[in-house]
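Tertiary structure, described
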Amino acid sequence: LTLCFPEKLWKMLESDQFQSIWWSEGGKCVAINKDLFQVEVLGRGVCQRVFNTRHIRSVIRQLNLYGFTKVQRDFQRSASLPEFLSEEAAASAHSQILYYYNPSFNRAHPWLLGTCKRR
């Protein structure tokens, strides 16, 4: 039995096997650490491959095709230079994390998964 993209994504999120992808915003968003996802998920051998690609942009394209939208993270900046520089470093590390939202893809409402259709 082959699973569609949203079902594979859901199983990954619910699994403790992956550190590069997790539920965010109380189970309303999908968070992906780009660099770690590239190694941990897309870098797997053919027999262990989750998706039929080795490229993050193909996964992002699938997210978009299934109605996910990228969510931007806003950071408040401090006025003092040392705090600002510290926050910039944190924001830079944070920029490796992508957030995607789909109203039909919600951890608290698994029955909505069936309404997550390809456009």
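You'll find the protein entered in an unreviewed UniProt entry as HSFY1 protein, with Pycnonotus jocosus given as the organism. Here the protein is described in UniProt, under the heading Sequence similarities (unreviewed entry), as follows: "Belongs to the HSF family."

**Describing the layout of surface pockets**
Its boundaries defined by the atoms lining it, the largest pocket holds a volume of some 190 Å³. Surrounding the largest pocket, Cys4, Phe5, Lys8, Phe51, Asn52, Thr53, Ser58, Val59, Arg61, Gln62, Tyr66 and Arg118 form its lining. Those elements that provide at least two residues to the lining of the largest pocket are helix 1 (5-14) and helix 3 (56-65). Partitioning the lining of the largest pocket into residue classes produces five nonpolar, four polar and three charged.

**A few points about the nonpolar core**
Grouped together as the largest cluster of nonpolar side chains are 26 residues, with contacts concentrated most on Leu9, Ile21, Phe37, Phe51, Phe68 and Phe105. Mapped onto this core, the elements with two or more residues apiece are helix 1, strand 1 (21-24), strand 2 (29-33), helix 3 and strand 4 (97-101). Considering each element in turn, this core owes the most residues, five residues, to helix 1. Here Phe37 is in contact with Met12, Ser20, Ile21, Ile32, Leu42, Phe51, Ile56 and Val59, once residues within four sequence places are set aside.

**Digging into the pairing of strand 2**
Counting buried residues along strand 2, five of its five residues qualify, which places the element largely inside the surrounding structure. Side chains of strand 2 alternate between two faces, with Cys29, Ala31 and Asn33 and Val30 and Ile32 buried alike. Hairpin connection between strand 1 and strand 2: a loop of four residues separates the two successive antiparallel strands, and Glu25 in this loop has a positive phi of roughly 50 degrees. When strand 2 meets strand 4, the two strands line up antiparallel, connected through five bridges. Bridging from a neighbouring strand, Val30 pairs with Tyr100 of strand 4.

**Considerations on the sheet that holds strand 2**
With antiparallel pairing, four strands are arranged side by side in an open sheet as 1-2-4-3. Two strands bound the open sheet, and with one partner strand each, they are strand 1 and strand 3 (69-70). Pairing between strand 3 and strand 4: two bridges, direction antiparallel. The partner of Thr69 across the bridge, within strand 4, is Tyr101. Helix 1 rests against strand 1 and strand 2 of the sheet, and its axis sits at about 85 degrees to strand 1.

**Quick look at helix 1**
Residues spaced three or four apart along an α-helix point in a common direction, a consequence of the helix completing one turn every 3.6 residues. Along helix 1, the positions that sit buried rather than exposed are Phe5, Pro6, Leu9, Trp10, Met12 and Leu13. End-on view of helix 1: buried residues confined to an arc of 160 degrees, all on one side of the axis. On its buried face, helix 1 is in contact with strand 1, strand 2, helix 2 (34-40) and helix 3.

What counts, and where the lines are drawn
- Residues numbered from 1 in each chain as written.
- Predicted model: local features only at pLDDT ≥ 70, side-chain atom pairs only at ≥ 80, totals over all residues.
- Heavy atoms only, no water.
- UniProt positions renumbered as here; feature names shortened; annotations may be inferred.
- 1 Å grid on protein atoms, 1.4 Å probe; cavity = no way out; pocket = protein on both sides within 12 Å on 5 of 7 lines; lining within 4 Å.
- Points joined across faces, edges and corners; volume = space filled by probe spheres on them.
- Helix = DSSP H or I, 4+ residues; strand = E, 2+ residues; numbered from the N terminus.
- Nonpolar A, V, L, I, M, F, W, Y, C, P; charged D, E, K, R; others polar.
- Core = buried A, V, L, I, M, F, W, Y, C linked by side-chain atoms within 4.5 Å.
- Buried < 20%, exposed > 50% of the residue type's maximum accessible area, 1.4 Å probe, protein only.
- Contact = heavy atoms within 4.5 Å.
- Pairing = 2+ DSSP bridges.
- Axes fitted to C-alpha atoms, helices over the stretch in contact; angles between N-to-C directions.
- Arc of directions from axis to C-beta.

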